[in-house]
Amino acid sequence: MSQTVILLDQIRKSYFIGKNELPVLKGVSLNINRNEYVALMGPSGSGKSTLMNILGCLDTPTSGKYVLSGHDVSSMEDNELARIRNQEIGFVFQQFNLMPRLSALENVAVPLIYGGVGKKEREDKARAMLEKVGLGDRYKHKPNELSGGQCQRVAIARALVNDPSIILADEPTGNLDTKTSIEIMDIFSKIHASGNTVILVTHEEDIAAHARRIIRLRDGVIESDKMNAVKEVLAH
Ligand code: ADP
Ligand code: MG
């Protein structure tokens, strides 16, 4: 049964630099169902990160409607928005965005602090997430003691720790070599296979080939939106 988890209706977003308006998203409408696996592509500057930040409730549109898992987030107050975001969304960044002074375990546990989870349960959950991404033996390490690929695994574990239904990833392999990128993409395929909705931004056709649907953005509008023939990744 298909069920809409993300509904965008005529989303526009402008940045204002002084009095100058820079229109970036120029009317994006989109419907994404539960457990879809979507790659968002498009030239640099086409508005991909702007769109991802809106999808992740990290930023708000200038106009248009966004319904996330049945909640109209376009008209929501900040604290309610933060609650929905924590519950529904896990976000993975190109630059990992880990806290340098915290261990892998502590980084993964951060979203649980906001959720009011007790220390023992936080540690148990964070540990389980690190096991899931293959980093069970690195939980004490700080980001500067880990490779780029390992840092991204920590960031993925952090994104998963609240058990969100949707995982958003903005160029998650952009800073990684090819071999490490393939390992990270394997993790996203497994996340998708376990029932999550996955939306990721990439420049690379090889990476996008993991997804079932490819949306191309150009100059702030959707240029194409196509289903993708899936290759060997179905075996996961
Ligand atoms: P992409 O991720 O596709 O490369 P972005 O969404 O990051 O594109 O950027 C789209 C356009 O918006 C670019 O011209 C960029 O310079 C501009 N932009 C992005 N973020 C901001 C911001 N916070 N303030 C002003 N302009 C921005
Ligand atoms: Mg970007």
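Our subject is the structure listed above.
Conventions we followed
Residues numbered from 1 in each chain as written. Chains lettered and ligands numbered in written order. Predicted model: local features only at pLDDT ≥ 70, side-chain atom pairs only at ≥ 80, totals over all residues. Helix = DSSP H or I, 4+ residues; strand = E, 2+ residues; numbered from the N terminus. Rg over C-alpha atoms; globule rule 2.2 N^0.38 Å. Buried ≥ 20, exposed ≤ 12 C-beta atoms within 10 Å, placed from the backbone. Pairing = 2+ DSSP bridges. Near = placed C-beta within 6 Å. Nonpolar A, V, L, I, M, F, W, Y, C, P; charged D, E, K, R; others polar. Axes fitted to C-alpha atoms, helices over the stretch in contact; angles between N-to-C directions. Expected span 1.5 Å × (residues − 1). Arc of directions from axis to C-beta.

Undergrad: Which residues make up the overall build of the protein chain, and what values do they have?
TA: When its secondary structure is counted, the protein chain shows seven helices and 10 strands. Computed over C-alpha atoms, the radius of gyration of the protein chain comes to 18 Å, within 12% of the 18 Å expected from 2.2 N^0.38 for 236 residues, which places it in the range of a compact globule. Here the C-alpha coordinates of the protein chain stretch approximately 45 × 40 × 40 Å along the principal axes. Within the protein chain, buried positions represent 40% of all 236 residues.

Undergrad: Explain the pairing of strand S9 (residues 213–218) residue by residue, including any values.
TA: Pairing of strand S3 (residues 37–41) with S9, which is carried by four bridges, proceeds in the parallel orientation. Residue pairing in the sheet places Val38 in a bridge with Arg213 of S9. One ladder, built from six bridges, connects S9 with strand S10 (residues 221–227); its direction is antiparallel. Paired with Leu217 across the strands is Ile222, a residue of S10. Where S9 folds back on S10, the antiparallel hairpin that results is connected by two residues, among which Asp219 adopts a positive phi of roughly 50°.

Undergrad: If you had to explain the site of ligand 1 to someone new, which residues and values would you point to?
TA: As a structural note, the neighbourhood of ligand 1 is formed by Tyr15, Ile17, Leu22, Val24, Gly42, Ser44, Gly45, Ser46, Gly47, Lys48, Ser49 and Thr50. Broken down by secondary-structure element, the contributors of at least two residues to the shell around ligand 1 are strand S1 (4–17), strand S2 (20–33) and helix H1 (48–55). Take the shell around ligand 1: its biggest share by element is three residues, from H1. Residue classes in the shell around ligand 1 are distributed as four nonpolar, seven polar and one charged.

Undergrad: Any details on the sheet that holds S10? Residues and values, ideally.
TA: Taken in spatial order, the six strands make up an open sheet running S6-S7-S8-S3-S9-S10, and their pairing is mixed. The strands lining the two open edges of the sheet, one partner per strand, are strand S6 (89–92) and S10. Averaged over all adjacent pairs, the angle separating strand axes in this sheet is 15°, with direction ignored. Two strands pair when backbone bridges link them, and S6 and strand S7 (residues 166–170) are joined in this way by four bridges, in the parallel orientation. Within the sheet, the bridge partner assigned to Gly90 lies in S7 and is Ile167.

Undergrad: With reference to specific residues and values, describe helix H6 (residues 178–193).
TA: Counted at 1.5 Å a residue, the expected span for H6 with its 16 residues is 22 Å, and the 22 Å between its end C-alpha atoms agrees. Taken residue by residue, H6 has Ser181, Ile184, Met185, Phe188, Ile191 and His192 as its buried positions. One side of H6 holds all its buried residues, which, seen down the axis, span an arc of 110°. Phi turns positive one or two residues past the end of H6, at Gly195, with a value near 115°.

Spatial relationships are all this shows, so hold off on functional conclusions.
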